[in-house]
Amino acid sequence: KVDLGVIATWVKKHASLYEAATRHPFIESIRNGTVDLSSFRRWLGQDNIFVRAFVPFAASVLVKACNETDDSSDMEVILGGMAALNDELAWFKKEASKWGVTLSAIVPLAANVGYCSFLKSLMSSEVEYTVALTAFWAIEAVYQDSFAYCLEEGAETLEELKETCYRWGNDDFGEWCCTLEERANRRLQMASEDVRKKAEAVLLRVLELEVEFWDMSRVGI
Ligand code: HMH
C-alpha cells in the first residue's frame, strides 16, 4: 500500500467536498462549451478582487516561512508563487479589457467579501505557519485542478477561454502545486495533533469558500 501524504489522505477523506470545489457546474460548463459568457465576465471581475486580497495573504505565509522554518526551500516555493501572482495581476487587466469588463467599477459580492475576510483572518500571527501553508496549497490547488480539467483531451472549452484555463491549468503550475503540497506535508507530519486538526479544518473551509465563489458566477442566470 502506497503511503499517502497527509494532504492526499484528507482529500480522499473529504472527496465529495473536494469534487464540489473542483468540478463545479461553472467549471463543467466551461469544459463542455456551454458557459454563459456573462457568468464568465462576472467571475473574472470578482476574481481580480480576490487575487488582490490573496497577494498580502501569500506575503504573510512568506513571512511565517522565514521566521519559522530552518529550511529555505519553503521560502523559495512561496516566492515562486508570488512571482506568478505578479503576472496574474497584469493578466487580469489585459483579460478584462478583452471581455469589456471595467475592473474599477466592480463591487465585491458577498461570497467574495467572506472569502477575503477569511484570508485576512489567516494572516494573523496567531495562525500557525503550517496551517497557513495548508490553506495556500488548497486555494491554489482548487484552481489548478479545475482549470486543468477544462484542458483535458476531449474537453470542448471555447477557444477564447483557453488562455484563462491555461493560466492555472498548465503543467508548470501543476508541478508547483505538487511541490507546495510536499512542503506542506512535511510540516504537517512534524506538527502536533492540535495543529494538524486546525489545518484540516482550514482545508475544509477553503473548499467550501471555493464552492461559494464559483456559485457567484451564477447570480442572475
Ligand atoms: C477564488 N481561488 C480563487 N481565485 C483564485 N485566483 C485562486 C483560488 C488561485 O489563485
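Our subject in this report is the structure included herewith. (Residues numbered from 1 in each chain as written. Predicted model: local features only at pLDDT ≥ 70, side-chain atom pairs only at ≥ 80, totals over all residues. Heavy atoms only, no water.)

1. Observations concerning the environment of Ala-148
Within the secondary structure, Ala-148 sits in helix α7 (residues 129-149). Residue Ala-148 is classed as partly exposed on the basis of its relative accessible area, which comes to 22%. Between the C-alpha atoms of Ala-148 and Ala-59, which are 89 residues apart in sequence, the distance is 26 Å. (Helix = DSSP H or I, 4+ residues; strand = E, 2+ residues; numbered from the N terminus. Buried < 20%, exposed > 50% of the residue type's maximum accessible area, 1.4 Å probe, protein only.)

2. Some points on the layout of surface pockets
Over the atoms rolls a probe the size of a water molecule, and its path tells where empty space is left. The space that makes up the largest pocket amounts to roughly 250 Å³. The wall of the largest pocket is formed by Ala-84, Asp-87, Glu-88, Trp-91, Glu-163, Tyr-166, Arg-167, Trp-168, Asn-170, Asp-172, Phe-173 and Trp-176. For the lining of the largest pocket, the secondary structure elements donating two or more residues are α5 (72-98), α8 (162-169) and α9 (171-190). (1 Å grid on protein atoms, 1.4 Å probe; cavity = no way out; pocket = protein on both sides within 12 Å on 5 of 7 lines; lining within 4 Å. Points joined across faces, edges and corners; volume = space filled by probe spheres on them.)

3. Observations regarding the packing of aromatic side chains
A complete count under the given rule lists 24 aromatic pairs for this structure. Consider the rings of Phe-57 and Phe-136, whose centres lie 6.1 Å apart with planes at 80°: the pair is edge-to-face. Remark: Phe-136 occurs in helix α7 and Phe-57 occurs in helix α4 (residues 37-68); sequence separation between them is 79 residues. Grouping residues by exposure puts Phe-57 and Phe-136 together as buried. Taking the centre distance of 5.8 Å and the plane angle of 75° together, the rings of Phe-136 and Trp-176 count as edge-to-face. One end of the pair, Phe-136, is in helix α7; the other, Trp-176, is in helix α9, with 40 residues separating them in the sequence. An aromatic cluster is built from Phe-26, Phe-40, Trp-43, Trp-91, Phe-92, Trp-99, Tyr-143, Phe-147, Trp-168 and Trp-214, whose rings are joined through pairwise contacts. Positioned over the ring face of Tyr-149 is Arg-23, at 3.8 Å from the centre of the ring. Here Arg-31 stacks its cationic end above the ring of Tyr-149, 4.1 Å away from the centre of that ring. (Phe/Tyr/Trp six-rings, centres within 6.5 Å; stacked < 30°, edge-to-face > 60°. Lys NZ or Arg CZ within 6 Å of the ring centre and 35° of its normal.)

4. Here we look at the pattern of salt bridges
Applying the stated rule across the entire model yields 12 salt bridges. Measuring nitrogen to oxygen at the nearest pair gives 2.6 Å for the salt bridge that ties Arg-183 to Asp-74. Remark: Asp-74 occurs in helix α5 and Arg-183 occurs in helix α9; sequence separation between them is 109 residues. Judged by relative accessible area, which is 15%, Arg-183 ranks as buried. For Glu-193, the salt bridge is made with Arg-196, and the minimal N-O distance between the two is 3.0 Å. Of this pair, Glu-193 and Arg-196 both sit in helix α10 (residues 193-216), three residues apart, roughly one helical turn. Here the salt bridges share partners, and the residues they tie into one network are Glu-128, Asp-194 and Lys-198. (Salt bridge = Lys/Arg side-chain N within 4 Å of Asp/Glu carboxyl O.)

5. Let's talk about empty space enclosed by the protein
According to the stated counting rule, one finds one cavity of 30 Å³ or more in the structure shown. One number sums up the size of the largest cavity: a volume of about 100 Å³. Forming the boundary of the largest cavity are 13 residues, of which Phe-50, Val-51, Ile-139, Glu-140 and Tyr-143 lie nearest the centre. Residue assignment for the lining of the largest cavity shows that the elements contributing at least two residues are α4, α5, α7 and α10.

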